[in-house]
Amino acid sequence: MNRRRRIYEGKAKIIFEGPETGTYIQFFKDDTTAFNARKHAVIEGKGVLNNRISEYIFSRLERIGIPTHFIKRLNMREQLIHAVEIIPLEVVVRNVAAGSLAKRFGLEEGMPLPHTVVEFYYKKDSLNDPMVSEEHILAFGWATPQELEEIMAHAVRINDFLSGLFLGAGIQLVDFKMEFGRMWENDMMQVVLADEISPDSARLWDMQTGNKLDKDRFRQDLGGLVEAYQEVARRLGILNENETPRLKRPVLVK
Ligand code: UDP
């Protein structure tokens with residue numbers, strides 16, 4: 001039996017070579033990390049939920065004309081995606097003060113921001129993903145001015161669309177992180193949304209109760225992470241009421 005070639009392994013996903021040239025397979029692991037992997041656990045069922053939630057979000061975005069790497073979901077844990085060259089930036093969009101923004105500026109968590117804020121972080125674990133400005137991005141050539149312009153336009157549109165989508169499910173989209181990639185078709189290059197959008201990479205608060213339905217449950221030891229992700233999936237209408245992934249207690253590895 002042949003083993004598939006592993007292109008890249010990250011903290012929560014593995015990228016394998018795809019069945020055809022120009023395709024990859026994105027595999028969602030149950031590994032959950034925070035604080036640049038200083039905290040780690042394997043939470044059974046998380047990968048399955050993120051695969052479904054991200055599939056739903058990417059498909060909806062495709063339908064409004066946002067280009068993405070997503071082709072189709074293959075099974076419980078895998079998606080077929082276009083092979084892209086990842087632009088080494090984490091693009092964070094914020095609507096409400098939380099996390100590192102609240103900490104950095106001494107803001108009360110939950111304060112609506114007067115203006116949507118877009119931030120860039122340089123994707124480099126060994127440097128702890130430092131925050132960077134557009135000047136840094138251009139000076140170091142991580143993206144061209146045209147690419148940055150496209151990223152900004154997509155980011156704002158994705159935020160508006162997803163804010164409405166989650167609002168309809170009684171969920172407030174507080175902030176989220178995106179990654180973009182370069183996709184080549186012959187000699188034409190297009191900037192497309194890549195990676196995933198899921199409760200691992202977004203802050204999602206229940207509009208009624210303020211309950212956190214995202215990875216902050218793990219970061220802050222609140223428990224009930226899989227149940228919260230299931231709730232998001234259920235509210236988006238992508239998880240059948242009777243469909244509950246088998247649950248085991250989280251195992252703290254480190
Ligand atoms: N985020 C992420 N990966 C990262 C850093 C942040 O997905 O490596 C997401 C995070 O889940 C949140 C948003 O980006 O939805 C903003 O995160 P923040 O800067 O507040 O950092 P954190 O509090 O996660 O350290």
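Residues numbered from 1 in each chain as written. Predicted model: local features only at pLDDT ≥ 70, side-chain atom pairs only at ≥ 80, totals over all residues. Heavy atoms only, no water.

Taking an unreviewed UniProt entry as the reference, the protein is identified by name as Phosphoribosylaminoimidazole-succinocarboxamide synthase belonging to Candidatus Tokpelaia hoelldobleri. In its Pathway (unreviewed entry) section, the UniProt entry covering the protein states "Purine metabolism; IMP biosynthesis via de novo pathway; 5-amino-1-(5-phospho-D-ribosyl)imidazole-4-carboxamide from 5-amino-1-(5-phospho-D-ribosyl)imidazole-4-carboxylate: step 1/2." Of the comments in the UniProt record for the protein, the one headed Catalytic activity (unreviewed entry) reads "5-amino-1-(5-phospho-D-ribosyl)imidazole-4-carboxylate + L-aspartate + ATP = (2S)-2-[5-amino-1-(5-phospho-beta-D-ribosyl)imidazole-4-carboxamido]succinate + ADP + phosphate + 2 H(+)". (UniProt positions renumbered as here; feature names shortened; annotations may be inferred.)

**Observations concerning the site of the ligand**
Taken together, 15 residues surround the ligand, and among them Arg-94, Ser-100, Asp-175, Arg-203 and Arg-219 come closest. Between the ligand and Glu-90 there is a distance of 3.1 Å, counted from an oxygen atom to a side-chain nitrogen or oxygen. For the ligand, an oxygen atom lies 2.6 Å from a polar atom in the side chain of Ser-100. Looking at the shell around the ligand, the elements that each hand over two or more residues are β9 (89-96), α2 (99-105), β12 (171-185) and β14 (202-206). Along the lines of polarity and charge, the residues of the shell around the ligand split into four nonpolar, three polar and eight charged. (Near = heavy atom within 4 Å. Polar contact = N/O pair within 3.5 Å; in protein donor to acceptor, adjacent residues only side chain to side chain. Helix = DSSP H or I, 4+ residues; strand = E, 2+ residues; numbered from the N terminus. Nonpolar A, V, L, I, M, F, W, Y, C, P; charged D, E, K, R; others polar.)

**Description of the UniProt feature "domain: SAICAR synthetase/ADE2 N-terminal" (unreviewed entry) in the protein**
UniProt records the feature "domain: SAICAR synthetase/ADE2 N-terminal" (unreviewed entry) for residues 7-235 in the present numbering. Between the end C-alpha atoms of residues 7-235 there is a gap of 34 Å, over a span that is 30% helix and 35% strand.

**Quick look at the packing of aromatic side chains**
This model, assessed by the stated rule, comprises three aromatic pairs. With a centroid separation of 6.4 Å and 85 degrees between ring planes, the pair formed by Phe-16 and Phe-27 is classed as edge-to-face. Residue Phe-16 is found in strand β2 (residues 13-17), and its partner Phe-27 is found in strand β3 (residues 23-28); the two are separated by 11 residues along the sequence. With relative accessibility at 8%, the residue Phe-16 sits in the buried group. Connected via pairs of aromatic rings, a cluster forms that spans Tyr-122, Phe-140 and Trp-142. The ring of Phe-16 carries Arg-4 above its face, with NZ or CZ at 4.0 Å from the centroid. (Phe/Tyr/Trp six-rings, centres within 6.5 Å; stacked < 30°, edge-to-face > 60°. Buried < 20%, exposed > 50% of the residue type's maximum accessible area, 1.4 Å probe, protein only. Lys NZ or Arg CZ within 6 Å of the ring centre and 35° of its normal.)

**Some words on the pairing of strand β6 (residues 70-73)**
Bridge analysis of β6 against strand β7 (residues 78-82) gives three bridges, and the strand direction is antiparallel. Each residue of the ladder has a partner; that of Arg-73, found in β7, is Gln-79. Connecting β6 to the next strand, β7, in antiparallel fashion are four residues. (Pairing = 2+ DSSP bridges.)

**Focus on the environment of Ile-81**
Looking at where Ile-81 falls in the secondary structure, it is placed in strand β7. Along the chain, Ile-81 and Ala-194 lie 113 residues apart, while their C-alpha atoms are 8.8 Å from each other. Not counting chain neighbours up to four residues away, the residues in contact with Ile-81 comprise Ile-15, Gly-22, Thr-23, Tyr-24, Gln-26, His-69, Phe-70 and Ile-71. (Contact = heavy atoms within 4.5 Å.)

**Let's talk about the pattern of salt bridges**
According to the stated counting rule, one finds 26 salt bridges in the structure shown. The network of salt bridges with common partners includes Arg-94, Arg-104, Glu-119, Asp-175, Arg-203, Asp-216 and Arg-219. (Salt bridge = Lys/Arg side-chain N within 4 Å of Asp/Glu carboxyl O.)

**Focus on the side chain of Glu-90**
Topologically, Glu-90 is positioned in strand β9. Setting aside residues up to four positions removed in sequence, Glu-90 forms contacts with Glu-119, Phe-120, Tyr-121, Lys-123, Asp-129, Lys-177, Met-178 and Glu-179.

**Considering helix α1 (residues 46-63)**
Between its terminal C-alpha atoms α1 stretches 26 Å, which fits the 26 Å expected from 18 residues at 1.5 Å a residue. Taken across its 18 residues, α1 has 13 buried, putting it largely inside the fold. After α1 finishes, the residue Gly-65 shows a positive phi value of roughly 95 degrees. (Expected span 1.5 Å × (residues − 1).)

**A word on the sheet that holds β7**
Adjacent strands of a sheet pair through backbone hydrogen bonds, lying either parallel or antiparallel. If you trace the five strands from one edge of the open sheet to the other, you get β1-β2-β3-β7-β6, paired in antiparallel fashion. With one partner strand each, in any of the chains shown, β1 (6-9) and β6 form the two edges of the open sheet. Strand-to-strand twist of the sheet, defined as the mean angle between neighbouring strand axes without regard to direction, takes the value 25 degrees. Lying over the sheet, α1 contacts β3, β6 and β7, oriented at roughly 135 degrees with respect to β6. (Axes fitted to C-alpha atoms, helices over the stretch in contact; angles between N-to-C directions.)

**Observations concerning the packing of α1 against helix α6 (residues 225-235)**
Two numbers describe how α1 lies on α6: the axes approach to 10 Å, and their chain directions differ by 20 degrees. The angle between α1 and α6 falls in the class roughly parallel. Classified by chirality, the crossing of α6 by α1 is left-handed. Where α1 abuts α6, its residues Lys-46, Leu-49, Asn-50 and Ile-53 lie against Leu-225, Val-226, Tyr-229, Gln-230, Val-232 and Ala-233. In terms of residue class, the contact of α1 with α6 is made up of seven nonpolar, two polar and one charged. (Parallel < 35°, antiparallel > 145°, perpendicular 65-115°, else oblique. Left-handed = near helix turned anticlockwise from the far one by under 90°.)

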